[in-house]
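Chains, contacts and geometry: an overview
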Amino acid sequence: MNRDEIAELAAGYALGALDADDRARFEALLAAGDALARAALRDFEGAVAGLAAETIKAPSPAVKAALMARIDAQGRGDGEAVVRALSSVKPKDARRSTWTYVLSGAMAAGIAAIAVGWIVSTAYDRRVTQLAQETAALKQELERQQSLVALLRDPATQVVALAGLEPAPGARARVLWHVTAGGLLVAQGLPPAPEGKAYELWAIAGKNAPVPAGIFTVDAKGVGSLRVAPIRVDGTVDTFAVTLEPAAGVPAPTGTMYLAGKL
Amino acid sequence: MQTAGTPPDAPVALLARIAQGDREAFSRFYDAFAGLALGLITRILRDPAASEEVLQEVFWQIWQEAARYDPQRGSPEAWVVMRSKTRAIDRLRAIRRRERTFVAPADESVTRSNEAGGENPGVAAETRALVRSALDGLPEPQRRVVELAFFEGLTQSEIASRLGEPLGTVKTRARLGLERLRSLLKREEPAEP
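Below or above, wherever it landed, is the structure these notes cover. (Residues numbered from 1 in each chain as written. Chains lettered and ligands numbered in written order. Predicted model: local features only at pLDDT ≥ 70, side-chain atom pairs only at ≥ 80, totals over all residues.)

**Considering the overall build of chain B**
- Scanning chain B for helices and strands turns up 8 helices and 0 strands.
- Split into buried and exposed, the 193 residues of chain B put 45% on the buried side.
- In chain B, 61% of the contacts between residues at least 6 apart in sequence involve partners at least 24 apart. (Helix = DSSP H or I, 4+ residues; strand = E, 2+ residues; numbered from the N terminus. Buried ≥ 20, exposed ≤ 12 C-beta atoms within 10 Å, placed from the backbone. Contact = placed C-beta atoms within 7 Å.)

**Some details on the overall build of chain A**
- From N to C terminus, chain A includes 6 helices and 8 strands.
- Going from the N terminus to the C terminus, chain A shows its helices and strands as α-α-α-α-α-α-β-β-β-β-β-β-β-β.
- Sorting the 263 residues of chain A into buried and exposed places 30% on the buried side.
- Taking as baseline every contact in chain A between residues at least 6 positions apart, the subset at least 24 positions apart corresponds to 60%.

**Some remarks on the environment of Trp 79 of chain B**
Residue and element names in this part refer to chain B.
- Here Trp 79 is to be found in helix α4 (residues 76–98).
- For Trp 79, a count of 23 C-beta atoms within 10 Å gives the class buried.
- Each C-alpha atom of the pair Trp 79 and Ile 62 lies 9.6 Å from the other, and the pair is 17 residues apart in sequence.
- Aside from chain neighbours lying at most four places away, what touches Trp 79 is Tyr 69 and Gly 74.

**So, the packing of helix α6 (residues 140–152) of chain B against helix α7 (residues 156–163) of chain B**
Residues and elements named next belong to chain B.
- The contact between α6 and α7 brings their axes to 10 Å, and the two run at 125°. Between α6 and α7, the crossing angle belongs to the class labelled oblique. Like other packed secondary-structure pairs, α6 and α7 cross with a definite hand, here right-handed. Where α6 approaches α7, its residues Arg 144, Val 145, Leu 148 and Ala 149 are matched on the opposing element by Ile 159, Arg 162 and Leu 163.
- Residues that form the contact of α6 with α7 fall into these classes: 5 nonpolar, no polar and 2 charged. (Axes fitted to C-alpha atoms, helices over the stretch in contact; angles between N-to-C directions. Parallel < 35°, antiparallel > 145°, perpendicular 65-115°, else oblique. Left-handed = near helix turned anticlockwise from the far one by under 90°. Nonpolar A, V, L, I, M, F, W, Y, C, P; charged D, E, K, R; others polar.)

**So, the interface of chain A and chain B**
- Between chain A and chain B, the residue contacts involve 64 residues of the former and 74 residues of the latter.
- Going through the elements one at a time, α1 (3–14), α3 (35–52), α4 (61–74), α6 (98–153), β5 (211–216) and β6 (224–228) of chain A are the ones with two or more residues in the side of chain A that touches chain B.
- Its residues placed into classes, the side of chain A that touches chain B shows 37 nonpolar, 13 polar and 14 charged.

**Observations concerning the nonpolar core**
- With 109 residues, the main nonpolar core has Ala 10 and Val 48 of chain A together with Ala 37 and Ala 149 of chain B as its most contacted residues.
- The element contributing the most residues to this core is helix α2 (residues 23–45) of chain B, with 13 residues.
- Ignoring sequence-local partners within four residues, the contact set of Ala 10 of chain A consists of Phe 26, Ala 37, Ala 40, Leu 41 and Phe 44 of chain A. (Core = buried A, V, L, I, M, F, W, Y, C linked by C-beta atoms within 7 Å.)

**A closer look at the environment of Tyr 30 of chain B**
- Looking at the secondary structure, you find Tyr 30 of chain B in helix α2.
- You can call Tyr 30 of chain B buried: it has 23 C-beta atoms within 10 Å.
- Sequence separation of Tyr 30 of chain B and Ile 62 of chain B is 32 residues, and the distance between their C-alpha atoms is 9.5 Å.
- Ignoring anything within four residues of it in the chain, the contact list for Tyr 30 of chain B reads Lys 64 and Leu 67 of chain A together with Phe 59 of chain B.

**Points about the pairing of strand β4 (residues 197–204) of chain A**
Residue and element names in this part refer to chain A.
- Counting buried positions over the 8 residues of β4 gives 7, a clear majority of the element.
- The pairing of β4 with strand β7 (residues 239–246) spans 8 bridges and is antiparallel. Paired with Ile 204 across the bridge in β7 is Thr 239.
- Of the strand pairs in this sheet, β4 and β5 are connected by 5 bridges, and their pairing is antiparallel. Across the sheet, the residue bridging to Tyr 199 is Phe 216, located in β5.
- Taking the residues between adjacent antiparallel strands as the criterion, β4 and β5 are bridged by 6 residues, where Gly 206 takes a positive phi near 55°. (Pairing = 2+ DSSP bridges.)

**Things to note about the sheet that holds strand β8 (residues 257–262) of chain A**
Residue and element names in this part refer to chain A.
- Across the sheet, which stays open at both edges, the 8 strands sit in the order β5-β4-β7-β8-β1-β2-β3-β6 with antiparallel pairing between neighbours. With one partner strand each, in any of the chains shown, β5 and β6 form the two edges of the open sheet. Within this sheet the neighbouring strands show an average axis-to-axis angle of 20°, counted without direction.

In structure tokens:
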């Protein structure tokens, strides 16, 4: 295998995109301690980790709290270890006296109790984790609803109607827009985005270049919505437009325009 | 992206301590990498609630499997990224199997806003801008291959059939894209004071 071939395998591996046979070939190289393969992989993994840095997002504290609670409750399956350790304990005196039977009976009962306790605490722990997740999700939903209500109540919120253009003349959308709080887009009548594509909303201030305002897709009925974060632009946003773009979104519009409207 | 040497709070050392059951090390490791992991997971799943669930699964696995980390195969950062990505894509495939059409949730602002709780939003924003500009610096065909692989979880042969290009071309583009990305990120990295 030449240098380029190894580098190609390493790049695919770092991206997690190798097909099964290639992955097996590359893992064999790694396992064999191939210096070239390891060096190439380290290099590319650095670049890939850098790629992930683009999207850093702080998790809600509930996730860490649930994890730490889970660790405290269950801790690395130590319950299992205790059961194993206890199962392997044998009395030093192997004579089968009555006491041995009594003791081993008591020990078996003890082990059973520990095992049952462990199973119950694992189930309980799973439930606690699930509840913490549900609470976090509800809290997030509540915050979202509250921000929407605040947006609707604010007299400074404007409503922009977006009309369907040539590719989907029947499509319509509304943007609730607030200069400092951002807004909400609700669209209907859009064709479902093809695989690998999504709709991207653009905010435009006068003659300035469009600024990306978020990506969304629509359901089978053509309905989609998007919470728009506050956008920093030079000047005042006066136009919104929606184009079809690669699913990951693009910094400047490249695709066909589906909706547009002015304040 | 680590400096030479292994101070006790370096990610590699933290992982070794986690493997010994050190709760405090886990807490610090989480603080250092949860944001990175969640951003990536959210970008793949586009569902904040499901993303936090996956984040929790990823870190629970890290707690349990820290001993399996092999520094020969990449940095802890890359290890976290790889695990997050794999888990998120597993979940995405499960969701897609369940419902043919995938509807993104209303709260799509997640990948763009600096939310409360971020340790250092200024630095994070700077890093993001840097990576964005590096990605934009890639020729379009290379960028597409990198993004399809990384953010959509397609394999190289799936990318080849999606783009209607030969598999060899896709492989070469992935390599060239990452090589270029690596050199762009290195070149633009701010000098240490």
